[in-house]
Amino acid sequence: MILDGRTAEAIDEAARVLRAGGLVAFPTETVYGLGADAGSDSAVAGIFAAKGRPSDHPLIVHVAAGPKGTEALSRFAQPLPPFAQKLVQAFWPGPLTLIVTRQPGVGTAAAGGQDTIGLRCPAHPVAQALLAACAEHGVPGLAGPSANRFGRVSPTTALHVHEEFGDDLLVLDGGPCAVGIESTIVDCSRGAPVLLRPGAISRVQIEAATGERLQDRDTLAAPDPRASGTLEAHYAPNAKVRLMDARAIQTGLDVLGASAAHIAVWARSVPRSRSARVIQRRMPDDAAACAQQLFAVLRELDAQGVKLIWVETPPDTGEWEGVRDRLQRAAAA
Ligand code: TXA
Ligand code: MG
């Protein structure tokens, strides 16, 4: 069932379901999340079951802004190192997740049994209204992975979530997500900031806020295998995604000529095809606009039944890192 998340009735109903240990999908500025009471291990088990996700994959816990959020922080996490506090100051509420050392005995299932926990304070007003209503009733935070089945493309509209889970799941509609790719994840549990997943908040912004060099996941002595969002093949549509430069796309279409079919092209350039059956979508020139559309475009092209999606390789600059990362993973599937 989809309810308009901007109404007080919908927020009350969702908070009631969550308090009773149920699941509710909610909008954030990045993607839609599948929420459960992070303080209840049995409620969190429902998320793993619904997603078909292995239960040792840790989830992100969403907390309210303001004093309730500060309370939740100290409930779930041990005192943050100074550089993590600076990140909270600079980017919360917003599309940034921090991995921090967990308070033993709290949020164990949400953390997938790790001694760390992922915390995020989302900026979306519907998410904030829901988190505030939950905190009001003793639910300190919502465990919430992206509201898709394991390994699939993240949802950026209420309808996408409905397509994944059907009518039994309560979905709060907050419109299309403004950011469109999942939050940047910075591991703050290792003494220095480490980038686990690139997102809308860029490397440059993180380094400016902390005054420290942001380390890379693959430079760690023991690279962290825990983040499913960092699995090689993730974010996969049914169609095969190929990253190609503009010239390779044009050459491919030329070779196939009038018989080209079951192919979609998402490119900043405008390649020519002699086949009317090639589906073309224009990729925005701007990284943020591209991120906003990315998952919706993959879903839409998939729904058209194409076998191949040829995507023009994004520019090799910092602002495109999040988009590039998601596309590379989609192409690796
Ligand atoms: O934008 C987002 O972050 C969205 C919205 C709903 O907030 N959520 C999201 O959740 O992308 P999910 O579960 O699909 O991805 C969370 C990522 C996973 O790759 C998970 O393994 C990693 O965060 N993660 C969570 N807690 C962790 C921890 N303690 N250590 C390492 N990685 C962690
Ligand atoms: Mg996900």
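Reading guide: rules and limits
- Residues numbered from 1 in each chain as written.
- Chains lettered and ligands numbered in written order.
- Predicted model: local features only at pLDDT ≥ 70, side-chain atom pairs only at ≥ 80, totals over all residues.
- Heavy atoms only, no water.
- Helix = DSSP H or I, 4+ residues; strand = E, 2+ residues; numbered from the N terminus.
- Phe/Tyr/Trp six-rings, centres within 6.5 Å; stacked < 30°, edge-to-face > 60°.
- Lys NZ or Arg CZ within 6 Å of the ring centre and 35° of its normal.
- Axes fitted to C-alpha atoms, helices over the stretch in contact; angles between N-to-C directions.
- Parallel < 35°, antiparallel > 145°, perpendicular 65-115°, else oblique.
- Left-handed = near helix turned anticlockwise from the far one by under 90°.
- Contact = heavy atoms within 4.5 Å.
- Nonpolar A, V, L, I, M, F, W, Y, C, P; charged D, E, K, R; others polar.
- Core = buried A, V, L, I, M, F, W, Y, C linked by side-chain atoms within 4.5 Å.
- Buried < 20%, exposed > 50% of the residue type's maximum accessible area, 1.4 Å probe, protein only.
- Arc of directions from axis to C-beta.
- Expected span 1.5 Å × (residues − 1).
- Salt bridge = Lys/Arg side-chain N within 4 Å of Asp/Glu carboxyl O.
- Pairing = 2+ DSSP bridges.

Colleague: What should I look at first to understand unusual backbone geometry in this one?
Modeller: Trans is the common state for peptide bonds, and a negative phi is the common state for residues other than glycine. Omega for the peptide link from Trp92 to Pro93 comes to -10°, which places this bond in the cis form. Here Pro93 shows up in the loop between α4 (82-91) and β5 (96-101). Not every positive phi belongs to a glycine, and His262 is a case in point at roughly 55°. In this fold, His262 is placed in the loop between α8 (246-256) and β13 (263-267).

Colleague: Before we go on, may I ask you to explain the packing of aromatic side chains in this structure?
Modeller: Tallied over the full model, the rule gives zero aromatic pairs. Across the ring face of Trp320, the terminal group of Arg268 is positioned such that the distance to the ring centre comes to 5.7 Å.

Colleague: Looking at this structure, how should I read the packing of helix α9 (residues 287-303) against helix α10 (residues 321-332)?
Modeller: Each pair of packed helices can be summarised by the angle the axes make with each other and by the distance between the axes. Where α9 contacts α10, the axes come no closer than 10 Å and their chain directions differ by 25°. In terms of their interaxial angle, α9 and α10 are classed as roughly parallel. Here the hand of the crossing between α9 and α10 comes out left-handed. Here α9 contributes Ala287, Cys290, Ala291, Leu294, Phe295 and Leu298 to the contact with α10, which in turn contributes Val323, Arg326, Leu327 and Ala330. Considering only residue class, the contact of α9 with α10 consists of nine nonpolar, no polar and one charged.

Colleague: It is not clear to me how the nonpolar core should be interpreted in this structure. Could you clarify?
Modeller: As a rule of thumb, soluble globular proteins bury nonpolar side chains together. In terms of nonpolar packing, the biggest core is built from 47 residues, with Trp92, Leu98 and Leu119 touching the most fellow members. For this core, the secondary structure elements donating two or more residues are β3 (33-37), α2 (41-51), α3 (67-76), α4, β5, β6 (116-120) and α6 (158-165). Ranked by residues supplied to this core, first place goes to α4 with five residues. Among all residues touching Trp92, those that are not within four sequence positions of it are Val63, Leu73, Leu87, Leu98, Leu119, Arg120 and Cys121. Grouped together as the second largest cluster of nonpolar side chains are 25 residues, Val179, Val241, Ala291 and Ile309 included.

Colleague: Would you mind showing me how to read α4 here?
Modeller: An α-helix turns once every 3.6 residues. As a result, residues three or four positions apart point the same way. Listed as buried for α4 are Phe83, Ala84, Leu87, Val88 and Phe91. Angular distribution of buried residues about the axis of α4 spans 150°; they occupy a single face of the element. Across α4 from its buried face, at more than 90 degrees, point the exposed residues Pro82 and Gln89. Tucked into the core, α4 has its buried residues touching β5, β9 (184-187) and α7 (203-210).

Colleague: Hey, could you run me through α10 in this one?
Modeller: Here α10 is twelve residues long and its end C-alpha atoms lie 16 Å apart, about the 16 Å a rise of 1.5 Å per residue gives. Most of α10 sits inside the fold, with nine of its twelve residues counted as buried. Looking at α10, one finds that the buried residues are Glu321, Gly322, Val323, Arg324, Asp325, Arg326, Leu327, Arg329 and Ala330. Packed against the buried residues of α10 are β10 (194-197), α7, β12 (240-244), α9 and β15 (308-312).

Colleague: What is the right way to look at the pattern of salt bridges in this model?
Modeller: Where charged atoms of side chains with opposite charge meet at close range, the side chains can pair. One pass over the full model with this rule turns up 15 salt bridges. Here Arg6 and Asp4 are joined by a salt bridge, their closest N and O atoms 3.3 Å apart. With relative accessibility at 59%, the residue Arg6 sits in the exposed group. Overall, Asp4 belongs to the partly exposed group, its relative accessible area being 38%. A salt bridge links Arg299 to Glu163; its shortest N-O distance comes to 3.6 Å. Residue Arg299 is located in helix α9, and its partner Glu163 is located in helix α6; the two are separated by 136 residues in the primary sequence. The exposure class assigned to Arg299 is buried, which follows from its relative accessible area of 12%.

Colleague: Whenever I open this one, the sheet that holds β6 confuses me. Can you help?
Modeller: Across a sheet, strands are paired by hydrogen bonds formed along the backbone, either parallel or antiparallel in direction. On the basis of which strands lie adjacent, the open sheet formed by eleven strands has the order β1-β8-β2-β3-β7-β4-β6-β5-β9-β10-β11 and mixed pairing. The open sheet is flanked by β1 (2-4) and β11 (215-216), the only strands paired with a single partner. Summarising the sheet, strand β4 (residues 60-62) and strand β7 (residues 142-143) pair through two bridges and their orientation is antiparallel. Within the sheet, the bridge partner assigned to His62 lies in β7 and is Leu142. Helix-sheet contacts for helix α1 (residues 8-19) involve β1, β2 (24-26), β3, β7 and β8 (170-173), and the interaxial angle to β8 is about 145°. Those strands touched by α2 are β3 and β7, and its axis lies near 150° from that of β3.

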